[in-house]
Amino acid sequence: IFVEHFMPHGVTPKQFEKLSHKAKRVKFKNGDLIIRHGDPLQYVYLVIKGTTRASFLGRRLSAVSSAPGHRQNKKGGDSGAWIGEMAFL
(Lines give C-alpha, C1' and ligand atoms only; values in the text may rest on other atoms or scores of the structure.)
Protein backbone atom coordinates (compact mmCIF):
# COMPACT_ATOMS: atom_id res chain seq x y z
CA ILE A 1 0.00 0.00 0.00
CA PHE A 2 2.80 2.41 0.91
CA VAL A 3 4.86 1.91 -2.25
CA GLU A 4 1.88 1.98 -4.61
CA HIS A 5 -0.32 4.70 -3.11
CA PHE A 6 1.76 6.92 -0.81
CA MET A 7 5.46 6.87 -1.72
CA PRO A 8 4.89 8.35 -5.21
CA HIS A 9 3.33 11.40 -3.53
CA GLY A 10 6.27 12.07 -1.21
CA VAL A 11 4.91 10.46 1.95
CA THR A 12 7.79 9.17 4.07
CA PRO A 13 7.77 5.74 5.71
CA LYS A 14 7.52 7.40 9.14
CA GLN A 15 4.50 9.50 8.05
CA PHE A 16 2.86 6.40 6.57
CA GLU A 17 3.49 4.47 9.79
CA LYS A 18 1.72 7.17 11.84
CA LEU A 19 -1.18 7.20 9.40
CA SER A 20 -1.47 3.42 9.29
CA HIS A 21 -1.83 3.26 13.08
CA LYS A 22 -4.94 5.44 12.81
CA ALA A 23 -6.34 3.71 9.73
CA LYS A 24 -8.55 0.69 9.56
CA ARG A 25 -9.44 -1.61 6.69
CA VAL A 26 -13.10 -1.69 5.72
CA LYS A 27 -14.76 -3.94 3.13
CA PHE A 28 -17.85 -2.86 1.24
CA LYS A 29 -20.23 -4.95 -0.81
CA ASN A 30 -21.20 -4.10 -4.36
CA GLY A 31 -23.82 -1.33 -4.22
CA ASP A 32 -23.02 -0.15 -0.67
CA LEU A 33 -23.29 3.62 -0.12
CA ILE A 34 -20.01 4.90 1.32
CA ILE A 35 -20.71 8.62 1.69
CA ARG A 36 -23.63 10.88 0.84
CA HIS A 37 -23.25 14.53 -0.16
CA GLY A 38 -24.18 16.81 2.73
CA ASP A 39 -23.69 14.23 5.47
CA PRO A 40 -20.99 15.04 8.05
CA LEU A 41 -17.73 13.43 6.97
CA GLN A 42 -15.99 11.30 9.57
CA TYR A 43 -13.57 9.36 7.39
CA VAL A 44 -11.58 9.55 4.18
CA TYR A 45 -11.31 6.33 2.18
CA LEU A 46 -8.62 4.97 -0.12
CA VAL A 47 -9.78 2.29 -2.52
CA ILE A 48 -7.20 -0.49 -2.23
CA LYS A 49 -9.00 -3.08 -4.34
CA GLY A 50 -12.01 -2.86 -6.61
CA THR A 51 -13.86 0.03 -8.21
CA THR A 52 -16.28 2.75 -7.15
CA ARG A 53 -19.04 4.73 -8.77
CA ALA A 54 -19.84 8.32 -7.84
CA SER A 55 -22.75 10.59 -8.70
CA PHE A 56 -23.98 14.03 -7.74
CA LEU A 57 -27.48 15.30 -8.48
CA GLY A 58 -28.04 12.22 -10.62
CA ARG A 59 -24.95 12.79 -12.79
CA ARG A 60 -22.05 10.37 -12.83
CA LEU A 61 -18.73 11.82 -11.73
CA SER A 62 -15.32 10.91 -13.07
CA ALA A 63 -12.33 10.30 -10.84
CA VAL A 64 -8.64 10.00 -11.50
CA SER A 65 -6.96 6.92 -10.09
CA SER A 66 -3.55 7.16 -8.48
CA ALA A 67 -2.74 3.52 -9.16
CA PRO A 68 0.23 3.13 -11.50
CA GLY A 69 -0.94 2.52 -15.03
CA HIS A 70 -4.50 3.59 -14.20
CA ARG A 71 -4.25 7.39 -14.17
CA GLN A 72 -6.94 7.88 -16.80
CA ASN A 73 -10.35 9.24 -15.84
CA LYS A 74 -12.74 6.59 -14.59
CA LYS A 75 -16.44 6.67 -13.86
CA GLY A 76 -16.15 6.86 -10.07
CA GLY A 77 -12.68 5.50 -9.51
CA ASP A 78 -10.65 2.34 -9.19
CA SER A 79 -7.86 1.14 -6.96
CA GLY A 80 -5.94 4.20 -5.80
CA ALA A 81 -8.94 6.54 -5.83
CA TRP A 82 -9.66 8.58 -2.69
CA ILE A 83 -13.22 9.03 -1.44
CA GLY A 84 -14.18 12.09 0.61
CA GLU A 85 -10.80 13.82 0.51
CA MET A 86 -12.12 17.14 -0.84
CA ALA A 87 -14.81 17.43 1.84
CA PHE A 88 -12.24 16.50 4.47
CA LEU A 89 -9.91 19.33 3.44
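What counts as what
- Residues numbered from 1 in each chain as written.
- Predicted model: local features only at pLDDT ≥ 70, side-chain atom pairs only at ≥ 80, totals over all residues.
- Heavy atoms only, no water.
- Helix = DSSP H or I, 4+ residues; strand = E, 2+ residues; numbered from the N terminus.
- Buried < 20%, exposed > 50% of the residue type's maximum accessible area, 1.4 Å probe, protein only.
- Contact = heavy atoms within 4.5 Å.
- Phe/Tyr/Trp six-rings, centres within 6.5 Å; stacked < 30°, edge-to-face > 60°.
- Patch = residues over 30% accessible without salt bridge, like charges linked within 9 Å, V, L, I, M, F, W, Y side chains within 5 Å.
- Areas by Shrake-Rupley, 256 points an atom, 1.4 Å probe, with all protein chains shown as cover.
- Salt bridge = Lys/Arg side-chain N within 4 Å of Asp/Glu carboxyl O.

Chemist: Run through the overall build of the chain, naming residues and quoting values.
Modeler: Across its full length, the chain holds three helices and seven strands. Reading the chain from its N terminus to its C terminus gives the helix and strand order α-α-β-β-β-β-β-β-β-α. The 89 residues of the chain split such that 22% are buried. A separation threshold of at least 6 residues defines the contact pool for the chain, and within that pool the share at least 24 residues apart is 49%.

Chemist: Outline the packing of aromatic side chains, supporting the account with residue identities and numerical values.
Modeler: Evaluated as defined, the whole model comprises five aromatic pairs. Where F6 meets F16, the ring centres are 5.1 Å apart and the plane angle is 55°; that geometry is what we call tilted. One end of the pair, F6, is in helix α1 (residues 2–6); the other, F16, is in helix α2 (residues 13–22), and 10 residues separate them in sequence. Residue class for F6 comes out buried when judged on its relative accessible area of 8%. For F16, a relative accessible area of 19% gives the class buried. Note on F28 and Y45: the rings are 5.7 Å apart at their centroids and 75° apart in plane angle, and the pair reads as edge-to-face. Of this pair, F28 sits in the loop between α2 and β1 (45–46) while Y45 sits in strand β1, and the two are 17 residues apart along the sequence.

Chemist: Quick one: what's the story with a nonpolar patch on the surface, residue by residue and with numbers?
Modeler: Residues F56, L57 and L61 make up a contiguous nonpolar surface patch of about 310 Å² in total accessible area. Mapping L61 onto the fold places it in strand β4 (residues 59–64).

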